[in-house]
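The residues making up each chain are set out below.
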Amino acid sequence: MLEIKNLHVKLEEEEKQILKGVDLTVEAGKVHAIMGPNGSGKSTLSYVLSGRDGYEVTEGSATLEGADLLEMEPEERAAAGIFLAFQYPVEIPGVGNMTFLRTAVNAQRKARGEEELSAADFLKEVRAKAKSLKIDADMLKRPVNVGFSGGEKKRNEILQMAMLEPKMCILDETDSGLDVDAMKLVAEGVNALRDEGRGFLVITHYQRLLDHIKPDVVHIMADGRIVKTGGPELALEVENNGYADILAEVN
Amino acid sequence: MALPEVKQTATEARLATLTMPEAGCTRAAREDALARVLEMGLPGRRDEYWKYTRPDTLISAEQPHAALFHSDEPLLFGNLDRLKIVFIDGVFSAEDSDDLELEGVNIDRIEDICCKDIHWAKELYGVLETRGQSPVQRPLAALNTAFAADGVAIHVTGKPTKPISLIYRHASETSDAMLHHIIRVESGAEVTILENGPAASRFNKCIEIDIADGGTLHHVRAQGRDHERCAATHMFTRLGRESVFKSFTLTVNGVLTRNEQVIELTGDDAIAHVAGACVGDGDFHHDDTVFVTHDAVNCESRQVFKKVLRNGATGVFQGKILVKEGAQKTDGYQISQSLLLDDDSQFLAKPELEIYADDVACSHGSTSGAIDETALFYLRSRGVSVKDATNMLTLAFLAEAVDEIEDEVLSEAIVNRLEGWLSRHI
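Let me begin by describing the structure that accompanies this report. Quick caveat, the model's predicted, so the values are computed rather than measured.

### Remarks on the interface of chain B and chain A
Part 1 of the reasoning: Listed as interface residues are 15 residues of chain B and, on the opposing side, 30 residues of chain A.
Part 2 of the reasoning: With both chains or domains summed, chain B and chain A bury close to 1800 Å², and 68% of this area falls on carbon and sulfur atoms.
Part 3 of the reasoning: Of all residues in chain B, Phe-377, Tyr-378 and Arg-382 of chain B give up the largest surface area on contact with chain A, accounting jointly for 43% of the area buried on that side.
Part 4 of the reasoning: Linking Glu-75 of chain A and Arg-380 of chain B is a salt bridge whose minimum nitrogen-to-oxygen distance equals 2.7 Å.
Part 5 of the reasoning: If you look at where chain B meets chain A, you find 10 residue pairs in polar contact (both at pLDDT 80 or more).
Part 6 of the reasoning: Secondary-structure elements contributing two or more residues to the side of chain B that touches chain A are helix H7 (373–380) and helix H8 (386–402) of chain B.
Part 7 of the reasoning: The element that contributes the greatest number of residues to the side of chain B that touches chain A is H7 of chain B, accounting for six residues.

Okay, here's the thing in structure tokens:
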């Protein structure tokens, strides 16, 4: 599904290399987790995959089902099936959550040559999905993320993911700022979307999110590279011993 | 004091092109207004109040020229039940207007108020304009009082069931029009006034509004898109006790627009809100000049002005709140913001507060900024195109001003119009 080969990325405005040769393949139906210390390049990877400005790919490739992601605009990547759940969801005063969701859903359908969802069908679907994430009607009416609590913002991200039904979901520290109950709710939302055709890349600092979203593969990222790959037990190792042991081992 | 020679010459040249209408009972007011014009002179480039807007085309003795703009978009307020009063190049058109009959309101043409002996009108024509000449001079308004050839007198005594819609059509490429309306809202009466259309190649319009105790006036205006037109408009509004005045203006293009709002809160517990949203492209210049005077206790005033500017467009905001001695418990708010879509556009703002009472809450703010790149990326990452995302954020930026329109049908009409314009890139 998602194939990243020897990806090198630097900041556009300064000579700072952040990713230094990332190799990673996420298969359809699998959940891959990326863990790593601060500054290892995890968030940069998520931004580069979703097309944020400010980064320059100096070497390597990233493809989704064979299509070159790096050549696409952010909205084209979204239509192709990439979804990034933001670490810090953006507040947009003046744009209603519902209007935003509907515009996004229909823009993607249109880009894929599908028919736009009618207002009634959209409403029905969004209400059902919002309910399972405990998002009330008021949150849907309010401007995007404005005045939402940390937990509400993350649930709103998962709602967007559920509505857009992407092929490849990238979750950037979705657990940050969440209490245990909120994390469970978000994890349930994610788990409900797991299926044969969909890949997940879950970026996190901590193992605790992975108690709720069970990964198939765990990668450790350090200094712009994947330095170790293993099964779920790798996450437990990090939890118990921190990153120091692993980093010492690979160096 | 003698006027500077440049000003004297420019004023005389302009006056030489104008003829004062005969209109009997307003004649005295017109003569007085002419005397004010002669004393003040027309605005010049060195006047402080015209520091950010060049008045040259507004006062020029040369005949103005503006191409007509043809559009296939549906008429604004087209589906709305309203009483239509149509002016073509500043001249009332009975043929295009509805019968001026509506329960709760009397409407007459200014030229008819004499023969009908309409007292309130005689007592209002030029009066608020005169009051509005201090502490800042507004010579174009005095010029209007003296020479406006047409206009209506609207006397609101009840609560008419539909809005009164003033429609200004532009038909001649060299039209130079002046309109002067007067509106009196009686105690407890309520009315909605709509204005739309490009009006003329050059348009000078003045409205004097007197709202008695407990009266309410809603005003929604959309200034036409004819790109080459220029306009100077004044609204002078006096509010009595517990009265309400809410005004919203939408401006899209027009090479020069100066909208002045002069508001005087003279009765306790009155409320005045003025808002404006404008979208400017290229050699567009838009100036909102607002002067609110609080001269009573516990009044509320709000100024909300938002401008979207691109391709070198210029936006100006001069907003003042004057709180007179004794106007305690005043609640004054003023915000002016611009969204600059490129580096060539500019926004010039002069917010002012002058306060002589000690128990007041007044705040003001002014900002200029670009599109929020983070928000833009967020929308795009969900599949929304750059153009649609930019339009969504632009509309969101204007929303605070548009939200000042209380009536949902009217606000929807304005939003639809804005959406249409933005999707066509104006």
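### Section: the layout of surface pockets
Part 1 of the reasoning: By volume, the largest pocket is sized at about 1100 Å³.
Part 2 of the reasoning: What lines the largest pocket is a set of 41 residues, and nearest its centre among them are Thr-99 and Thr-103 of chain A together with Met-392, Leu-395 and Glu-419 of chain B.
Part 3 of the reasoning: Broken down by element, the residue count for the lining of the largest pocket peaks at 10 residues, all from helix H3 (residues 97–111) of chain A.
Part 4 of the reasoning: Per-class residue counts for the lining of the largest pocket are 16 nonpolar, 12 polar and 13 charged.
Part 5 of the reasoning: A volume near 630 Å³ is recorded for the second largest pocket.
Part 6 of the reasoning: Forming the boundary of the second largest pocket are 24 residues, of which Leu-75, Asn-196, Gly-197, Pro-198 and Arg-417 of chain B lie nearest the centre.
Part 7 of the reasoning: Listed by contribution, the elements that provide at least two residues to the lining of the second largest pocket are strand S6 (164–169), strand S8 (190–197), strand S10 (216–223) and helix H9 (408–423) of chain B.
Part 8 of the reasoning: A class-by-class count of the residues in the lining of the second largest pocket yields 10 nonpolar, seven polar and seven charged.

### What about the packing of aromatic side chains?
Part 1 of the reasoning: Taken as a whole and assessed by the stated rule, the structure comprises eight aromatic pairs over all chains.
Part 2 of the reasoning: Measuring from ring centre to ring centre gives 6.3 Å for Tyr-47 of chain A and Tyr-55 of chain A, while their planes differ by 20°; the resulting arrangement is stacked.
Part 3 of the reasoning: Both rings, one in Phe-305 of chain B and one in Phe-317 of chain B, keep their centres 5.4 Å apart while their planes meet at 40°; by these two values the pair is tilted. Taken together, the residues span a long stretch of sequence, with Phe-305 of chain B in strand S16 (residues 300–310) and Phe-317 of chain B in strand S17 (residues 314–323) at a distance of 12 residues.
Part 4 of the reasoning: Each member of the aromatic cluster is reached from another via a ring pair, and the members are Phe-86 and Phe-100 of chain A together with Phe-377 and Tyr-378 of chain B.
Part 5 of the reasoning: If you follow Arg-52 of chain A out to its NZ or CZ, it ends over the ring of Tyr-47 of chain A, 4.6 Å from the centre.
Part 6 of the reasoning: Directly above the aromatic system of Trp-50 of chain B lies the positively charged group of Arg-258 of chain B, at a separation of 3.7 Å from the ring centroid.

### Observations concerning the packing of H3 of chain A against helix H4 (residues 119–132) of chain A
Residues and elements named next belong to chain A.
Part 1 of the reasoning: Put simply, H3 and H4 touch, their axes get as near as 11 Å, and they point 115° apart. The angle between H3 and H4 falls in the class roughly perpendicular. In this structure, H3 meets H4 at a crossing whose hand is right-handed. Residue-level contacts link Met-98, Leu-101, Arg-102 and Val-105 of H3 to Ala-119, Phe-122, Leu-123 and Val-126 of H4.
Part 2 of the reasoning: Here the contact of H3 with H4 is built from residues that sort into seven nonpolar, no polar and one charged.

### Let's talk about the packing of helix H2 (residues 27–40) of chain B against helix H6 (residues 139–147) of chain B
Angle between the axes and distance between the axes are the two parameters that describe a pair of packed helices.
Residues and elements named next belong to chain B.
Part 1 of the reasoning: It is the contact of H2 with H6, at a shortest axis distance of 7 Å, that shows an interaxial angle of 150°. Overall, the two elements H2 and H6 adopt an arrangement that is roughly antiparallel. For H2 against H6, the interelement crossing comes out left-handed. In this structure, H2 contributes Ala-29, Arg-30, Ala-33, Leu-34, Arg-36, Val-37 and Met-40 to the contact, and H6 contributes Pro-139, Ala-142, Leu-143, Thr-145, Ala-146 and Phe-147.
Part 2 of the reasoning: Split into classes, the residues belonging to the contact of H2 with H6 amount to 10 nonpolar, one polar and two charged.

The rules behind the values
Residues numbered from 1 in each chain as written. Chains lettered and ligands numbered in written order. Predicted model: local features only at pLDDT ≥ 70, side-chain atom pairs only at ≥ 80, totals over all residues. Heavy atoms only, no water. Contact = heavy atoms within 4.5 Å. Buried area = accessible area lost by both parts, 1.4 Å probe. Salt bridge = Lys/Arg side-chain N within 4 Å of Asp/Glu carboxyl O. Polar contact = N/O pair within 3.5 Å; in protein donor to acceptor, adjacent residues only side chain to side chain. Helix = DSSP H or I, 4+ residues; strand = E, 2+ residues; numbered from the N terminus. 1 Å grid on protein atoms, 1.4 Å probe; cavity = no way out; pocket = protein on both sides within 12 Å on 5 of 7 lines; lining within 4 Å. Points joined across faces, edges and corners; volume = space filled by probe spheres on them. Nonpolar A, V, L, I, M, F, W, Y, C, P; charged D, E, K, R; others polar. Phe/Tyr/Trp six-rings, centres within 6.5 Å; stacked < 30°, edge-to-face > 60°. Lys NZ or Arg CZ within 6 Å of the ring centre and 35° of its normal. Axes fitted to C-alpha atoms, helices over the stretch in contact; angles between N-to-C directions. Parallel < 35°, antiparallel > 145°, perpendicular 65-115°, else oblique. Left-handed = near helix turned anticlockwise from the far one by under 90°.

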